[in-house]
Amino acid sequence: QEWINYSEQALGVVVNKLEVAMSTASQAKNATVDATMKEMFATQITELFDSVVSDANTQFNDKYLFGGTITKQSPFALTNSVEEDLTISSLGESINLEHVQLNETAVTVEAGGTVYDETNFTIDKDKGTITILEGSQMETDGVSDFTISYETKDSVMIFPDDSDTKGVLTREIMKGDNMQINISGEQVFMEDVNVFNTLRDLKNALFR
């Protein structure tokens, strides 16, 4: 009972933060809001994102509530390193990355074992876009799919590569009658509701 109550309380806090983020994004849609104010709103949502990660790592009796059957290891962690797979739809057109506000560190683009330098593309690090240039070596090589690696200025969420973080915990509530008592962190924060993607998309929309 206590486990379920603590889970419900933690999710209630997350829901409240999502409501604040949605309200913030709604304010930013006002025609009178300038770019500086939009950036301020985006920063507020970033702070909410970081705090929701902490909520997702809530513990009860030294066990992580949203770690599936992995209850002794924090299910969520923060990093600013990103690797994502992209597809070129048309040369010379910008492709949105998953994140905005990239660090001023090198961006790596790789396809088929070949690493391409920045003579092949342009990056808008503030808005988080990449454009593959016409006449580039990537065009000559016929590249359609590629992998890009970069770092962001703020943190992004990662989920441990462990299937047991979505595992089910059960307790016997009466003889021969078991009940699921946990709520999978991956289910809530990554799949069905996808809290993290919602916050990330709100922030990206404001910066773009």
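Note: the structure precedes this text.
Quick look at the structure, then. Just so it is clear, the structure is predicted and the values come from calculations on it, not from any experiment. Position numbers for residues start from 1 in each chain and track the written sequence from start to end. The model is predicted, so local features are restricted to residues of pLDDT at least 70 and side-chain atom pairs to those at 80 or more, both for listing and for counting; the totals for chains, interfaces and linings are taken over all residues. Neither water nor hydrogens contribute to the side-chain values; these are computed over all heavy atoms in the structure.

Here we come to the sheet that holds strand E9 (residues 145-158). For two strands to pair, DSSP has to find at least two bridges joining them. Only runs of H or I of at least four residues qualify as helices and only runs of E of at least two qualify as strands under DSSP, and these elements are numbered from the N terminus. The strand order across the open sheet built from four strands is E3-E9-E5-E6, with neighbouring strands paired in antiparallel fashion. Only two strands of the sheet have a single neighbouring strand rather than two, namely strand E3 (77-87) and strand E6 (114-116). Along the sheet, successive strands turn relative to each other by an average axial angle of 30°, direction set aside. Across three bridges, the pairing between strand E5 (residues 108-111) and E6 is antiparallel. Each residue of the ladder has a partner; that of Val109, found in E6, is Tyr116. Orientation is described by lines fitted to C-alpha atoms, with helices fitted over the stretch in contact, and by angles between N-to-C directions that extend from 0 to 180 degrees.

This paragraph deals with the packing of helix H1 (residues 2-28) against helix H5 (residues 195-207). H5 packs onto H1 with a crossing angle of 20° between their chain directions and a minimal axis gap of 11 Å. Judged on the interaxial angle alone, H5 and H1 are roughly parallel. Viewed along their axes, H1 and H5 form a crossing whose handedness is left-handed. Between H1, through Val14, Leu18, Ala21, Met22, Ala25 and Ala28, and H5, the contact on the second element is made entirely by Val195, Thr198, Leu199, Leu202 and Leu206. By the definition adopted for this analysis, an angle is roughly parallel if under 35 degrees, roughly antiparallel if over 145, roughly perpendicular if from 65 to 115, and oblique otherwise. Handedness of a helix crossing follows the sense of rotation of the near helix relative to the far helix, less than a right angle counterclockwise being left-handed and clockwise being right-handed. Any two residues whose heavy atoms approach within 4.5 Å at even a single point are treated as in contact.

The subject of this paragraph is the packing of H1 against helix H2 (residues 35-56). Axis separation between H1 and H2 bottoms out at 10 Å; the angle between their running directions is 170°. Here H1 lies roughly antiparallel to H2, going by the angle between them. Seen from H1, the contacting residues are Val13, Val14, Lys17, Val20, Ala21, Thr24, Gln27 and Ala28; seen from H2, they are Lys38, Phe41, Gln44, Ile45, Leu48, Ser51, Val52 and Asp55. Just so you know the grouping, Ala, Val, Leu, Ile, Met, Phe, Trp, Tyr, Cys and Pro go in nonpolar, Asp, Glu, Lys and Arg go in charged, and all remaining residues, Gly too, go in polar. Looking at side-chain class alone, the contact of H1 with H2 contains nine nonpolar, four polar and three charged residues.

What makes a nonpolar core is a set of buried Ala, Val, Leu, Ile, Met, Phe, Trp, Tyr and Cys residues whose side-chain atoms join them at distances within 4.5 Å. Working definition: with a 1.4 Å probe on protein chains only, accessible area under 20% of the residue-type maximum means buried, over 50% means exposed, and in between means partly exposed. With 34 residues, the main nonpolar core has Val52, Phe76, Met157, Phe189, Val195, Phe196 and Leu199 as its most contacted residues. When residues of this core are traced back to their parent elements, those giving at least two are H1, H2, helix H4 (185-191) and H5. With residues up to four places along the chain from it excluded, the contact list for Phe196 reads Phe49, Val52, Val53, Ala56, Phe76, Met157, Phe189 and Met190. Among the nonpolar cores identified, the runner-up in size contains 19 residues, and Val82, Ile95, Ile132 and Phe146 belong to it.

An order of E4-E8-E7 is seen for the three strands of this open sheet, with the pairing classed as antiparallel. The sheet is open, and its two borders are formed by strand E4 (94-96) and strand E7 (121-124), each paired with just one other strand. Pairs of neighbouring strands in the sheet enclose a mean axial angle of 25°, with direction left out of account. Summarising the sheet, E7 and strand E8 (residues 129-132) pair through four bridges and their orientation is antiparallel. Among the inter-strand pairings, Asp124 is bridged to a residue of E8, identified as Thr129.

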